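# Results of the structural survey
Listed below are the residues making up each chain.
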Amino acid sequence: MQQTRLDTARIQAARQLIDPLFLDTPLYRCEALEPALGCAVSVKLETANPVRSFKARGTEVVASLLAANGPRAAVCASAGNLGQALAWSGRGRGLDVTVVASRSAPAAKLDRIRALGAGLELVDGDFDLARERAAAVARHEGVRLVEDSLDIETCEGAATIGLELVEAAPPFDAVLIALGGGALATGVGHVVKALTPGVEVICVQPSGAPAMTRSWRQRRVVTTDSTDTIADGVAGRRPIPAVLADLLLVADDAVLVQEASIIAGMRMLLHHAGLVVEPSAALGIAAILEDRDRFAGRHVVTIVCGSNVDMDAYHRWVGAAPVRTP
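Residues numbered from 1 in each chain as written. Predicted model: local features only at pLDDT ≥ 70, side-chain atom pairs only at ≥ 80, totals over all residues. Heavy atoms only, no water.

### Re unusual backbone geometry
Using the following cut-off: Every helix listed is a DSSP run of H or I at least four residues long, and every strand listed is a run of E at least two residues long, numbered separately from the N terminus.
In the Ramachandran plot, Arg-52 falls in the positive-phi region, its phi being about 60 degrees despite a non-glycine side chain. Within the secondary structure, Arg-52 sits in the loop between β2 (40–45) and α3 (56–69). Of note, the phi angle at Arg-219 is positive, near 60 degrees, even though the residue is not glycine. Within the fold, Arg-219 resides in the loop between α9 (211–218) and α10 (241–250).

### Notes on the sheet that holds strand β10 (residues 299–304)
Applied cut-off: Strand pairing follows a simple DSSP-based rule, namely that at least 2 bridges must link the two strands. Here, axes are lines fitted to C-alpha atoms. For helices the fit covers the stretch in contact, and angles between N-to-C directions go from 0 to 180 degrees. Contacts: residue pairs with any heavy atoms within 4.5 Å of one another.
Judged by pairing direction, the sheet is mixed, and its 6 strands sit side by side in the order β1-β2-β10-β7-β8-β9 without closing on themselves. At either end of the open sheet lies a strand with only one pairing partner, and these are β1 (27–29) and β9 (253–257). When the angles between neighbouring strand axes are averaged without regard to direction, this sheet yields 25 degrees. As judged from the 5 bridges shared by strand β8 (residues 200–206) and β9, these two strands associate in the parallel manner. Along β9, the bridge assignment pairs Gln-205 with Leu-256. Together, β7 (174–178), β8 and β10 form the strand contacts of helix α8 (residues 183–195), whose direction differs from that of β7 by roughly 165 degrees.

### Overview of the packing of aromatic side chains
Operational definition: The criterion for an aromatic pair is that two Phe, Tyr or Trp rings (for Trp, the six-membered ring) have centres within 6.5 Å, with stacked assigned to planes under 30 degrees apart, edge-to-face to planes over 60 apart and tilted to the rest. The rule is simple: take the accessible area with a 1.4 Å probe, protein chains only, and divide by the maximum for that residue type; under 20% is buried, over 50% is exposed, in between is partly exposed.
Per the counting criterion, the structure on display carries 1 aromatic pair. Between Phe-22 and Trp-88, the aromatic rings sit 5.0 Å apart at their centres with planes inclined by 85 degrees, giving edge-to-face as the arrangement. Pair noted here: Phe-22 is in the loop between α1 (8–14) and β1 and Trp-88 is in helix α4 (residues 81–91), with a separation of 66 residues, a long-range link. Under the relative-accessibility criterion, Phe-22 is labelled buried at 2%.

### Observations concerning the pattern of salt bridges
When the charged atoms of two side chains lie near each other, side chains of opposite charge can form a pair. Cut-off, in case you're wondering: A carboxyl oxygen of Asp or Glu within 4 Å of a side-chain nitrogen of Lys or Arg is what we treat as a salt bridge.
Going through the model one piece at a time under the given rule, you end up with 24 salt bridges. With a closest N to O distance of 2.9 Å, Glu-60 and Arg-93 form a salt bridge. Of this pair, Glu-60 sits in helix α3 while Arg-93 sits in the loop between α4 and β4 (96–102), and the two are 33 residues apart along the sequence. When its relative accessible area of 1% is taken as the criterion, Glu-60 is described as buried. Its relative accessible area of 21% is what places Arg-93 among the partly exposed residues. A salt bridge links Lys-193 to Asp-252, with the nearest nitrogen and oxygen atoms 2.7 Å apart. A residue pair is termed long-range when its members are at least 10 positions apart, and Lys-193 in helix α8 and Asp-252 in the loop between α10 and β9 qualify at 59 residues. Here Asp-252 falls in the partly exposed class, since its relative accessible area comes to 37%.

### Some remarks on the packing of α8 against α10
Axes are the key here: two packed helices are described by the angle between their axes and the distance separating the axes. Defined as follows: The hand of a helix crossing depends on one turn: near helix anticlockwise from the far one by less than a right angle means left-handed, and clockwise means right-handed. Any residue outside Ala, Val, Leu, Ile, Met, Phe, Trp, Tyr, Cys, Pro, Asp, Glu, Lys and Arg is labelled polar, Gly included; the first ten of those are nonpolar and the last four are charged.
Contact geometry for α8 and α10: axes closest at 9 Å, N-to-C directions at 35 degrees. Note that α8 runs across α10; the crossing there is left-handed. Of the residues in α10, those in contact with Ala-185, Thr-186, Gly-189, His-190 and Lys-193 of α8 are Val-243, Asp-246, Leu-247 and Val-250. Among the residues forming the contact of α8 with α10, the class breakdown is 4 nonpolar, 3 polar and 2 charged.

### Topic: the nonpolar core
Stated precisely, the cut-off is as follows: Nonpolar cores are built from buried Ala, Val, Leu, Ile, Met, Phe, Trp, Tyr and Cys residues. Side-chain atoms within 4.5 Å join them into one set.
Counting 77 residues, the largest nonpolar core has Leu-33, Leu-37, Val-175, Leu-184, Met-266 and Ile-303 as its most contacted members. If we ignore the near neighbours within four places in the chain, the residues touching Met-266 are Ile-230, Val-277, Glu-278, Pro-279, Ala-282, Tyr-314, Trp-317 and Val-318. With 24 residues, the next largest nonpolar core counts Ala-87, Leu-95, Ile-113 and Leu-116 among its residues.

As structure tokens, then:
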């Protein structure tokens, strides 16, 4: 039988390596969202921290282990959030961090990486080209390459969110998880399925960046030539085989949503929950909007995974039309 790379005991231990700033994040039922969505909705808020995303749970584990017994330098490719998180975690532990990102990444994310003291190298291409460049830097400089989702620490750090979910009351019926590289989905999914197997794990990806969802559906790696989505944080083209193998063991479903639904979800989170979120963080709401019958009468948790968004773009998206509830 195929075995997952993740280990529940290690995930429990990872809590001790993560700065408490990133742990025990708010989880609450957001009744204001429910009339428009037709189901009970709880929000797990992963944005109320110094890097405004869940990514630091993983980079805290990586940086702690590097500081204890590894090289004092690391490089990563990032769409923006991982780079900020690794810069923050590395700065606190005296690590030299370099981030490789696309020149087209949101300026707000790039500015924050610089402000946190990391070196920043920009490439003329997308995230997958940044991954190739980061690997080349690691080989040339002899430093640690931190690969989101492939490095098990990033998955098991994210999995601590799952521990907090299963420890919460009241119980819930399904959890909606943004799907990009897979660290969040495999990590949270592993814990939820290990400890509360009756809870449905549903991964959500934009239809304009469908590689991991197509791979999950076909049970093999499927790549795409390009992506076309405002959800830059999940816009990968080349799934990692080991991560897909983990995802196949824990995900009950993987769904694709339209850009209009993502924008509607962002507007709803602003108007009904007072939350400014990046597009990736609205994927769960988008999934409910596109299939209300599936979730009717159920209690659903959505993980609001990041709020690092270019504000000019944000205002263009959410300012287009008001949200009206039935």
